[in-house]
Amino acid sequence: MRLDLSQTTPIICEKCNGQIFKEVMMIRKVSRFITNQPQDTMVNIPLFSCHKCDHVNNEFLPEALRSDYVEIVEENN
Ligand SMILES: [Zn+2]
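Residues numbered from 1 in each chain as written. Predicted model: local features only at pLDDT ≥ 70, side-chain atom pairs only at ≥ 80, totals over all residues.

Visitor: Sorry if this is basic, but what is going on with unusual backbone geometry here?
Guide: The general pattern is negative phi for most residues beyond glycine and trans for most peptide bonds. Positive phi, close to 60°, is recorded for Asn 36, a residue that is not glycine. By the secondary structure assignment, Asn 36 is in the loop between α1 (32–35) and β2 (41–50). A positive phi angle, close to 70°, is found at Asp 54, a residue other than glycine. As for its placement among the helices and strands, Asp 54 is situated in the loop between β2 and α2 (66–76). Exposure remark for Asp 54: the 12 C-beta atoms within 10 Å place this residue in the exposed category. (Helix = DSSP H or I, 4+ residues; strand = E, 2+ residues; numbered from the N terminus. Buried ≥ 20, exposed ≤ 12 C-beta atoms within 10 Å, placed from the backbone.)

Have a look at this one:
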């Protein structure tokens, strides 16, 4: 399928209205009790953050992590 870019809509940063994003990574630790492995493991979740202000739009976050992320942001303020 050939994609016509004029038929696409931009994703805009919720904070600064920027339209350029960079790839970043969220890392979650998985307890060894869940995986039955001898050690805890880490899972990386690729995300996009705003090129200008580093904000990560809610829509980029996995749904299960949205509430966690809000808490982290609030703690830093
Ligand atoms: Zn931004």
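Visitor: Can you walk me through the pairing of β2 in this structure?
Guide: One face of the sheet, then the other: side chains in a regular strand alternate in exactly this way. Little of β2 sits out of view: just one of its 10 residues are buried. Sheet analysis places strand β1 (residues 21–30) next to β2, joined by 10 bridges and oriented antiparallel. Opposite Phe 21, over in β2, you have Cys 50 as the bridge partner. (Pairing = 2+ DSSP bridges.)

Visitor: Would you mind showing me how to read the environment of Val 43 here?
Guide: For Val 43, the location among the structural elements is in strand β2. As for Val 43 and Val 30, which are separated by 13 residues in sequence, their C-alpha atoms are 7.2 Å apart. Non-local contacts of Val 43, meaning those with residues more than four positions away in its chain, are made with Arg 28 and Val 30. (Contact = placed C-beta atoms within 7 Å.)

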